[in-house]
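Each chain, letter by letter, is given below.
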Amino acid sequence: MKDFDSLVGIWNAQKTTPKLDYKEIITQYKTSRNKLSIKITRELLAMAIAMAIIAYLALKVEFSLWTSQLGLLIIFSCGVYFITIQMINLKRIAHSNTLFDKPQDHIRFIKKFRAQRHTQHTTNYKIYSATLTLGTALYFIELAYHLGTVYVLLAGVITLFWFSIYYFYFLKKYVATENEKFEEMIADLERLDLQFRDIEE
Amino acid sequence: MSEKEQAFQEIFKANSKKIYHLCLGYTCDSDVANDLLQETFLKVWQNLDKFRNQSMISTWIYRIAVNTCLTYLKKEKRAGKDELTPNIIENRAEEVSEKNEQVETLYKCIAQLDENERIIITMVMDEIPYPEIAEVSGISEGNLRVKIHRIKHKLTELYNQHERL
């Protein structure tokens, strides 16, 4: 039979030490900071190219129908939305200082952040896809006059097919997996929150 | 070496072992504990300037470590509550002695506690003053004392049960 003091004795005698050096941490920090910068730059560059092409089309090509310009404007807005959301998320992750909060507050922040991410990945993404489809459809109206109905119908069918596959299969599967993951995570966080609640005992 | 690096080296030297024990007690896996330790000190390095003049820097580091451990949820389930992962066993198999077996049993028992209990008891065993534990865990000191009393009793019972097996 051992008492608690004996357990403390065992604890103090342990030889477990971290396999980590302070220099590794500094190197790791510099590497991850570079990775984050590269990621941001790459995403910004890709979106800037796409938006420049759209802006060029909208300004240089003489469209005979207003629907084309509106379509391009909608697609352009979708691009702005995408890049803004990406930037907000990256900034929030990089500057999150809730690690210094009390555990309960940190858990609450994580729960809120997960819920926001879930909304972004599901509801907002549906609206984003629908708006992008609307923009593309409006742009196709004028194309029909120039390329002929057959080509436009073909392009329309391919686009519609892709959006249907995406919406009814990939998005549904993604949402289901996300839901399962979030529910499990929220349950874990709630359990932890309960453990740390300063209740009168 | 810059002044910041020197300060960080000193802070790492003074706190890393205890923080590692906290992470190991929480996860029961030496690799994961090292990862959590790294994540904790990454945050320390990142925010060092803000806390350079604070007297209780260890409290602040513990707070980061606790939150980092708590955020580590998904993989925690794999560690199980009553089994040591092969990792920790392998790492200690080098030198099988009675002392090592006792340490192993102790970690096995800590793994059976609730998450907050694991965190609190590792701090108690590392002789962190109660007001500091209360500050880190966000639990009032009076409430903490009651909790600690219960956890001590629970852990001692678990350990003695294991020894009888």
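Residues numbered from 1 in each chain as written. Chains lettered and ligands numbered in written order. Predicted model: local features only at pLDDT ≥ 70, side-chain atom pairs only at ≥ 80, totals over all residues. Heavy atoms only, no water.

Chemist: How do you make sense of the overall build of chain A when you look at a structure like this?
Modeler: In terms of regular secondary structure, chain A is built from 5 helices and 0 strands. Listing every helix and strand of chain A by position from the N terminus yields α-α-α-α-α. For chain A, the residues scored as buried account for 33% of the 201 residues in total. Sequence-distant contacts, at least 24 apart, represent 79% of the contacts inside chain A between residues at least 6 apart. (Helix = DSSP H or I, 4+ residues; strand = E, 2+ residues; numbered from the N terminus. Buried < 20%, exposed > 50% of the residue type's maximum accessible area, 1.4 Å probe, protein only. Contact = heavy atoms within 4.5 Å.)

Chemist: In this structure, what is going on with the overall build of chain B? I would like to understand it.
Modeler: Looking only at helices and strands, chain B features 10 helices and 0 strands. Counting from the amino terminus, helix and strand elements in chain B follow one another as α-α-α-α-α-α-α-α-α-α. For chain B, the residues scored as buried account for 58% of the 165 residues in total. When contacts within chain B are restricted to residue pairs at least 6 apart in sequence, those whose partners lie at least 24 apart make up 70%. Element-wise, carbon and sulfur atoms account for 47% of the exposed surface of chain B, whose accessible area totals about 7500 Å². (Areas by Shrake-Rupley, 256 points an atom, 1.4 Å probe, with all protein chains shown as cover.)

Chemist: Even after reading the chapter, I still don't get unusual backbone geometry, so can you show me in this structure?
Modeler: Most peptide bonds adopt trans geometry, and most residues besides glycine take a negative phi value. Residues and elements named next belong to chain B. One non-glycine residue, Cys-28, adopts positive backbone phi at about 60 degrees. Its identity as a non-glycine residue notwithstanding, Glu-127 has a phi of 60 degrees, on the positive side. Take Glu-127: it is sitting in the loop between helix 8 (115–125) and helix 9 (130–137). Judged by its relative accessible area of 58%, Glu-127 is exposed.

Chemist: Quick question: what am I supposed to make of the packing of helix 1 (residues 4–13) of chain A against helix 7 (residues 98–110) of chain B here?
Modeler: Each pair of packed helices can be described by the angle between their axes along with the distance between the axes. Across the interface, helix 1 of chain A lies against helix 7 of chain B with an axial gap of 9 Å and an inter-helix angle of 110 degrees. One way to sum up the angle between helix 1 of chain A and helix 7 of chain B is to call them roughly perpendicular. Of the two possible hands of crossing, helix 1 of chain A and helix 7 of chain B adopt the one that is left-handed. Judged by residue contacts, A:Leu7, A:Ile10, A:Trp11 and A:Ala13 of helix 1 of chain A engage B:Lys99, B:Gln102, B:Val103, B:Leu106, B:Tyr107 and B:Ile110 from helix 7 of chain B. Counted by class, the contact of helix 1 of chain A with helix 7 of chain B contains 8 nonpolar, 1 polar and 1 charged residues. (Axes fitted to C-alpha atoms, helices over the stretch in contact; angles between N-to-C directions. Parallel < 35°, antiparallel > 145°, perpendicular 65-115°, else oblique. Left-handed = near helix turned anticlockwise from the far one by under 90°. Nonpolar A, V, L, I, M, F, W, Y, C, P; charged D, E, K, R; others polar.)

Chemist: Sorry, what's going on with helix 5 (residues 149–196) of chain A here?
Modeler: For an α-helix the count is 3.6 residues per turn, leaving residues at separations of three or four pointing the same way. Taking 1.5 Å as the rise per residue, helix 5 of chain A with 48 residues should run 70 Å; its terminal C-alpha atoms sit 65 Å apart, in good agreement. A:Tyr166 marks where helix 5 of chain A bends most, by close to 35 degrees. (Expected span 1.5 Å × (residues − 1). Bend = angle between axes of the 7 residues up to and from the residue.)

Chemist: Which parts of the structure should I look at to understand the packing of aromatic side chains?
Modeler: To describe a pair of aromatic rings, you give the distance between the ring centres and the angle between the ring planes. Throughout the structure, instances matching the rule amount to 10 aromatic pairs over all chains. Ring plane angle 40 degrees and centroid distance 5.4 Å describe the contact between A:Trp11 and B:Tyr107, whose orientation is recorded as tilted. Within this pair, whereas A:Trp11 is found in helix 1, its partner B:Tyr107 is found in helix 7, the two belonging to separate chains. Using a relative accessible area of 1% as the deciding quantity, one classes A:Trp11 as buried. Residues A:Tyr125 and A:Tyr128 carry aromatic rings whose centres are separated by 5.5 Å and whose planes lie at 40 degrees to one another, so their mutual orientation is tilted. Within this pair, A:Tyr125 and its partner A:Tyr128 are both found in helix 4 (residues 103–147), separated by 3 residues, close to a single helical turn. (Phe/Tyr/Trp six-rings, centres within 6.5 Å; stacked < 30°, edge-to-face > 60°.)

Chemist: In this structure, what is going on with the interface of chain B and chain A? I would like to understand it.
Modeler: One frequent convention defines the size of an interface as the accessible area lost when the parts assemble. Across the contact, 68 residues belong to chain B and 48 residues belong to chain A. For the pair chain B and chain A, the two sides together bury roughly 5400 Å², of which 61% comes from carbon and sulfur. Contact with chain A buries surface across chain B, with B:Gln38, B:Leu73 and B:Met125 losing the most and accounting together for 11% of the total. Seen at the junction of chain B and chain A, the total is 3 salt bridges. Salt-bridge contacts for A:Arg191 lead to B:Glu115; the nearest nitrogen and oxygen are separated by 2.1 Å. Our count for the contact surface shared by chain B and chain A stands at 13 residue pairs in polar contact (both at pLDDT 80 or more). Among the elements that line the side of chain B that touches chain A, the one with the most residues is helix 10 (residues 141–164) of chain B, at 11 residues. Here the residues of the side of chain B that touches chain A are counted per class, giving 28 nonpolar, 20 polar and 20 charged. (Buried area = accessible area lost by both parts, 1.4 Å probe. Salt bridge = Lys/Arg side-chain N within 4 Å of Asp/Glu carboxyl O. Polar contact = N/O pair within 3.5 Å; in protein donor to acceptor, adjacent residues only side chain to side chain.)

Chemist: I would appreciate a short explanation of the pattern of salt bridges in the present structure.
Modeler: A side chain of one charge can pair with a side chain of the opposite charge if their charged atoms are brought near each other. All names here are of chain B. Following the criterion strictly, the structure yields 9 salt bridges over all chains and no others. We note a salt bridge from Arg-145 to Glu-141, for which the minimum N-O separation is 3.3 Å. Here Arg-145 and its partner Glu-141 are both found in helix 10, 4 residues apart, which amounts to about one turn of the helix. A relative accessible area of 33% places Glu-141 in the partly exposed class.

Chemist: Hey, could you run me through the nonpolar core in this one?
Modeler: As a rule of thumb, soluble globular proteins bury nonpolar side chains together. Within the largest apolar cluster, 74 residues are counted, with the highest numbers of intra-cluster contacts made by B:Phe41 and B:Leu155. It is helix 1 (residues 3–27) of chain B that contributes the most residues to this core, 10 residues altogether. The residues touching B:Phe41, leaving out its near neighbours within four places in the chain, are A:Ile25, B:Phe8, B:Ile11, B:Phe12, B:Asn15, B:Ser16, B:Ile19 and B:Ile61. Core analysis: the next-biggest nonpolar cluster, separate from the first, contains 5 residues, A:Ile54, A:Leu72, A:Ile75 and A:Tyr139 among them. (Core = buried A, V, L, I, M, F, W, Y, C linked by side-chain atoms within 4.5 Å.)

Chemist: What should I look at first to understand helix 9 of chain B in this one?
Modeler: Of the positions making up helix 9 of chain B, those classed as buried are B:Glu132, B:Ile133, B:Ala134, B:Val136 and B:Ser137. Of the surrounding elements, those touching the buried residues of helix 9 of chain B are helix 4 and helix 5 of chain A together with helix 4 (57–71), helix 8 and helix 10 of chain B. Positive phi appears at B:Gly138, one or two residues downstream of helix 9 of chain B, with a value of about 75 degrees.

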